[in-house]
Amino acid sequence: MRIIKLDAIDSTNHFLKALSVQESCENFTVVSTESQTEGKGQRGSSWASEVGKNLTFSVLYNQKIEEITSLFTLNILVAISIVDVLKSVSNLNFVIKWPNDILAENKKISGILIENTFKNSKEVQSIIGIGLNVNQSQFENLPQASSLCQLENKIFDRESLLISIVNRLEFNLNQIKVLGETHFWNVYHQILFKKDVVSTFESFEGIRFVGKIQEVTKEGKLAVLLEDDSVRFFDVKEIKMLY
């Protein structure tokens, strides 16, 4: 893989997207930085990271249209790949919180933001942004955030983690052709946070309600069984889970 390392940048996603316009970039080209000033998460939230302590990087992946049955499948593969690697270096309990967060012992340690662009009628370009809290020890005003170091009380090799994550992602993408997408969707649902557990949600109008997560659909929507036994489907911008 080609890894471009930067000291500081506004956004690795922005940089990699611009680079792919200027030159031909092969799949799994990586841009990583020690400091990202305008990192973004889901719903436009910011992703703050202490300089030189964590991983903030983006990966380029071009998909053929005829091979895509669901754009959200890439999201679940990225999340599964991160969890696979984390489980290889730690015995913490890792789960995936819809839509794109990785939790360790119910603390957020990683976020994913994928930006898709239709390049032509045959290809979709995906810029996969990943933030992983590795060696940061303090999280002011972020009670739900943590890091591998804080939870394990030891320092981790960031470079090794980055390479392992990208290699695992490439491996899992190739395995789709062998195992099929259904296999990975099953894996995803097995480690989906709060699946089949009564949980509290809040709509973006501020209304709270309880329900059980049934599944995530191929379109990336959250299916929630409500108290009246009806199932409603929610988009990312429509609700958040309180935990």
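All values derive from a computational prediction rather than experimental measurement.

(A) A look at the packing of aromatic side chains. The full count for this structure, using the stated rule, is six aromatic pairs. Ring geometry for F72 versus W185: centroids 6.2 Å apart, planes at 35°, classification tilted. Separated by 113 residues along the polypeptide, F72 in helix α2 (residues 72-89) and W185 in helix α5 (residues 181-190) bring together distant segments of the chain. Residues F72 and W185 agree in their burial class; the two are buried. With relative accessibility at 4%, the residue W185 sits in the buried group. Members of the aromatic cluster, joined through ring pairs, are F72, W185 and Y188.

(B) Examining the sheet that holds strand β2 (residues 30-36) more closely. Strand order in the open sheet formed by seven strands is β1-β2-β3-β7-β6-β5-β4, and the pairing between neighbours is mixed. Of all strands in the sheet, those with a lone pairing partner are β1 (3-9) and β4 (94-97), marking the two edges. Each strand of the sheet is rotated relative to its neighbour by a mean of 20°, with strand direction disregarded. Seen against the sheet, helix α4 (residues 158-179) touches β1, β2, β3 (55-64) and β7 (123-132) and runs at an angle of roughly 15° to β3.

Criteria and cut-off values
- Residues numbered from 1 in each chain as written.
- Predicted model: local features only at pLDDT ≥ 70, side-chain atom pairs only at ≥ 80, totals over all residues.
- Heavy atoms only, no water.
- Phe/Tyr/Trp six-rings, centres within 6.5 Å; stacked < 30°, edge-to-face > 60°.
- Helix = DSSP H or I, 4+ residues; strand = E, 2+ residues; numbered from the N terminus.
- Buried < 20%, exposed > 50% of the residue type's maximum accessible area, 1.4 Å probe, protein only.
- Pairing = 2+ DSSP bridges.
- Axes fitted to C-alpha atoms, helices over the stretch in contact; angles between N-to-C directions.
- Contact = heavy atoms within 4.5 Å.

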